[in-house]
Amino acid sequence: MAAPLHTRAAGLDRTLFLVVPAALFMLLVFVYPFLYGLMLSFTPTEGGALANYIKFFTTDNLWPTIGTTLKLAMPATLINVGLAIPIAYQMRRKSPYQKWVTTILVVPITLGTVLIAEGMLTYFGPRGWLSQTLQFFHLYEGPIRLTHNYWGVLISLIISGFPFVFLLILSYITGIDPVLARAAATLGADPWQQFKQIYWPLLIPGIAMAFCLAFVQAFSVFPSAVLLGAPQGPTRVISIAAYEAAFEQYDYSLASAIAMLMGFVQLIIVAFVLGMRRVFYRGPVTGGKG
Amino acid sequence: MKQDFSQLRLDKVTRRFAAAGAQSIAALDNMTLTVERGEFIALLGPSGCGKSTALNCIAGLLALSDGSICLDEERIDILPPEKRGFGMVFQNYALFPHMTVRRNIGFGLLMRGESSADIERKVEAVVRLVQLQGHEDKLPGQLSGGQQQRVAIARAIVIEPPLVLMDEPLSNLDAKLRLEMRAEIRRIHRELGRTTIYVTHDQDEALSLADRIVVIKDGRVQQIAPPAEIYGQPANLDVARFMGYRNVLSLDVASQADGRAQLSSPGLRLQGMIKQPLGAKAAAAIRPEELIVGDGPNAIDGKIENVEYSGRDSLLDVITPAGIRLHVRSVVHPAVGAQVRLSVPPERVLVYPAESNQ
Ligand SMILES: Nc1ncnc2c1ncn2[C@@H]1O[C@H](COP(=O)(O)OP(=O)(O)O)[C@@H](O)[C@H]1O
Ligand SMILES: [Mg+2]
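The structure displayed is predicted, hence computed values, not measured ones.

Our next topic: the overall build of chain B. Per the secondary structure count, chain B includes nine helices and 20 strands. Expressed as a percentage of its 358 residues, the buried residues of chain B come to 51%. The contacts of chain B with a sequence gap of at least 6 include a subset with a gap of at least 24, amounting to 67%.

Set out below in structure tokens:
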């Protein structure tokens, strides 16, 4: 569809005023706090402007949190995206099961991280159902440790992050005109080639977007890292460090610096992934004149 | 995948779709058709009559509910589309938006595992055939509708399929381009010497392109015949209406003999050719261009009610004293309100049994 050609020669398009509330809202709850935090991070309680950042990178229980968080967020995001693509691809056609499967997969979104953590503690814990079932059938005799460690947090990130990634990718896949795959089939493409040659290249931009959003979400993990992890050890993520600085040491300036670094790492990853996207085709995903 | 064949046979091909209330309706009902190698077949019918369903069944994009499709001795309706190897041109082209023209056209060859040198050579040849030189490295989004159409055709024929299927390939083009591409499609069909099945709702397109036309209505085949026969001797009233017999008069059958019928209604007597066995009531179908202004056989008197001037001739609305409205295409242009006498040779009045709901 062509954009309307007529534009008002003089004066402002009045629909522009519709963005004013949103702009004000952004200014008040996002831009201002962000700038305030940025300023705060450069005005430490003692030392020069960069003291907080120097402290972060020289303190042994602070700088490794970046790695710890990446080690949780990256696999969780990759697993979620990797699982969501084939499942969403299978769900792309309207079918009687589609509604049911989608509903079941999406339920965790409604639960919230804390509830999921509670459930996981009873299910995956050393005396939980999973452990008892495995022992009852003599499938695995040793103690099962899936809570209060790295794995507990990872599993919870997967459970809480998956629905979101799945819905996003499903919407991208269903947006691709199925007649393209049919055309490919008449040209000799078997189902695998139809996916590889048609769906996959058209999906990459959407997958990159889903990856970024899921990653940012996973990177700021907090409740499950505390409830299901080992917050002093292997799951001491960056948000825990920020929390401790702010509410245990009352050093808001340091906490702000940590938050800024957290945002910076996210920004780098997102910029990298979206930059990669440029390499691929981006444009309409239908095949011709509508 | 067959390189070529001598006969494609559709036997009682039926496709039903689930409709509201657990019922199912047959979008295509018992279609039986034999296509000989080299033929250009047009499937013609109004929108929604089941043409695309028929084509998709042949291509393998829709499973049959009943019946069978055979290529010579081999049954093909059980094969997936990628195993049939027919070329298909879709109504909205279905070009791959992320591939250049070159890659779009070469796609089928790539899937067949041909070497890149062969692909390049064949793509180049077909690009010349559809006159797309210079556009090879553009994306489909950068092409005009007519060029996209050519890419779609090139992509379907470059694999040298034994059968090319086209689903209303010209319906998205403007009138001038449509005429050009029509000639193009006929030329390409001739040059390839392969078999084409072409779906359209446009009578002119079907008449000018096809060797044989299959007229479909409500999922059922109405008539299979060469264009001249479809045009001059429609098998039933529905085909007649669709082929431009705009005047359909219902009359009583007075007498019939030697394939001719005498028809009458208050204030009107007509003689015409019997096309189907008649009962007591009949419908007479006459083309607007076959009614002549002036005296002659089958004279009908009336008054001009409306004149629609269209250059060389005019479309006249004539109303008889009994209130029957007739459409007449005429090179004389009488004034509105004038009394005229119309006539039509009996050979050009086609008589069918009256429709039951009238
Ligand atoms: N996937 C489908 N599900 C249900 N009904 C369908 C489907 N495809 C086609 N139909 C119905 O079958 C009939 C014939 O459709 P189609 O073959 O597309 O018509 P045409 O191509 O002649 O315009 C129509 O009434 C249409 O509504
Ligand atoms: Mg159609």
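Next comes the rest of the description.
Further remarks concern the site of ligand 1. Residues and elements named next belong to chain B. Neighbouring ligand 1 are F17, A27, P46, S47, G48, C49, G50, K51, S52 and T53. At a separation of 3.2 Å, an oxygen atom of ligand 1 approaches a polar backbone atom of C49. Burial of ligand 1 by the surrounding chains reaches 57%, relative to a free accessible area of 560 Å². Broken down by element, the residue count for the shell around ligand 1 peaks at three residues, all from helix α1 (residues 51–59). In terms of residue class, the shell around ligand 1 is made up of four nonpolar, five polar and one charged.

With that settled, consider unusual backbone geometry. The residue A:H148 is not glycine, and still its phi comes out positive at about 55°. Relative to the helices and strands, A:H148 is located in the loop between α6 (129–136) and α7 (150–174). Assessed through its relative accessible area of 48%, A:H148 is described here as partly exposed. For B:D218, which is not glycine, the phi dihedral falls at a positive 50°. Among the structural elements, B:D218 can be located in the loop between β9 (212–217) and β10 (220–225).

All names here are of chain B. Residue placement: R348 occurs in the loop between β19 (339–343) and β20 (350–353). Separated by 3.1 Å, the side chains of R348 and Y245 make a polar contact. Excluding residues that lie within four positions of it along the chain, R348 makes contacts with G232, Q233, Y245, A285, I286 and E290.

Where two aromatic rings form a pair, the distance of their centres and the angle of their planes describe that pair. Residue and element names in this part refer to chain A. With the rule as written, the count across this model stands at 20 aromatic pairs over all chains. Measuring from centroid to centroid gives 5.0 Å for Y89 and Y199, while their planes differ by 80°, and the two rings are edge-to-face. Of this pair, Y89 sits in helix α3 (residues 64–90) while Y199 sits in helix α9 (residues 191–219); the two residues are 110 residues apart in sequence, bridging distant segments of the chain. Where F215 meets F219, the ring centres are 5.5 Å apart and the plane angle is 35°; that geometry is what we call tilted. A residue pair is termed a helical-turn pair when its members lie 3 or 4 positions apart in one helix, as F215 and F219 do in helix α9 at four residues. Since its relative accessible area comes to 0%, F215 is described here as buried. Judged by relative accessible area, F219 falls into the buried class, the value being 0%.

Next up on the list: the packing of helix α2 (residues 51–58) of chain A against helix α12 (residues 252–277) of chain A. Residue and element names in this part refer to chain A. Contact geometry for α2 and α12: axes closest at 9 Å, N-to-C directions at 70°. Our classification of the angle between α2 and α12 gives roughly perpendicular. Along the contact surface, α2 presents N52, Y53, K55, F56 and F57, while α12 presents S253, L254, A257, I258, M260 and L261. Looking at side-chain class alone, the contact of α2 with α12 contains eight nonpolar, two polar and one charged residues.

Before going further, it helps to examine the interface of chain B and chain A. Contact with chain B, which involves 28 residues of that partner, is made by 26 residues of chain A. Together, the buried faces of chain B and chain A total about 2,200 Å²; carbon and sulfur atoms form 67% of this surface. Contact with chain A buries area across many residues of chain B, yet B:E82, B:P97 and B:H98 alone supply 28% of it, more than any other trio. Applying the counting rule to chain B against chain A returns zero salt bridges. At the surface where chain B touches chain A, the tally comes to three residue pairs in polar contact (both at pLDDT 80 or more). Where the side of chain B that touches chain A is concerned, the elements lending two or more residues are α2 (81–84), α3 (101–111) and α5 (145–157) of chain B. A per-element tally of the side of chain B that touches chain A places α3(B) first, with five residues. Partitioning the side of chain B that touches chain A into residue classes produces 16 nonpolar, eight polar and four charged.

Take a nonpolar patch on the surface next. All names here are of chain A. A contiguous nonpolar patch, built from F34, L35, L38, F42, L50 and I54 and spanning about 530 Å² of accessible area, is present on the exposed surface. Of all the elements, helix α1 (residues 20–41) adds the most residues to the nonpolar patch, at three residues. Within the secondary structure layout, F42 lies in the loop between α1 and α2. You can call F42 partly exposed: its relative accessible area is 35%.

With that settled, the discussion passes to the environment of B:S310. All names here are of chain B. The residue S310 is located in strand β16 (residues 300–310) in this model. For S310, a relative accessible area of 44% gives the class partly exposed. With 21 residues separating them along the chain, S310 and V331 place their C-alpha atoms 10.0 Å apart. A polar atom in the side chain of S310 sits 2.9 Å from the backbone oxygen of D313.

The next point concerns the pattern of salt bridges. Residues and elements named next belong to chain B. According to the stated counting rule, one finds 26 salt bridges over all chains in the structure shown. The partner of D66 in a salt bridge is R16, with the nearest N and O atoms 3.6 Å apart. Of this pair, D66 sits in strand β4 (residues 66–71) while R16 sits in strand β1 (residues 7–18); the two residues are 50 residues apart in sequence, bridging distant segments of the chain. In this structure D66 comes out as partly exposed when scored by relative accessible area, which is 43%. A salt bridge links D218 to K217; the nearest nitrogen and oxygen atoms lie 3.5 Å apart. You can call K217 partly exposed: its relative accessible area is 29%. Each member of the salt-bridge network shares a partner with another, and the members are R150, E184, R187 and E191.

Quick notes on the rules
- Residues numbered from 1 in each chain as written.
- Chains lettered and ligands numbered in written order.
- Predicted model: local features only at pLDDT ≥ 70, side-chain atom pairs only at ≥ 80, totals over all residues.
- Heavy atoms only, no water.
- Helix = DSSP H or I, 4+ residues; strand = E, 2+ residues; numbered from the N terminus.
- Buried < 20%, exposed > 50% of the residue type's maximum accessible area, 1.4 Å probe, protein only.
- Contact = heavy atoms within 4.5 Å.
- Near = heavy atom within 4 Å.
- Polar contact = N/O pair within 3.5 Å; in protein donor to acceptor, adjacent residues only side chain to side chain.
- Areas by Shrake-Rupley, 256 points an atom, 1.4 Å probe, with all protein chains shown as cover.
- Nonpolar A, V, L, I, M, F, W, Y, C, P; charged D, E, K, R; others polar.
- Phe/Tyr/Trp six-rings, centres within 6.5 Å; stacked < 30°, edge-to-face > 60°.
- Axes fitted to C-alpha atoms, helices over the stretch in contact; angles between N-to-C directions.
- Parallel < 35°, antiparallel > 145°, perpendicular 65-115°, else oblique.
- Buried area = accessible area lost by both parts, 1.4 Å probe.
- Salt bridge = Lys/Arg side-chain N within 4 Å of Asp/Glu carboxyl O.
- Patch = residues over 30% accessible without salt bridge, like charges linked within 9 Å, V, L, I, M, F, W, Y side chains within 5 Å.

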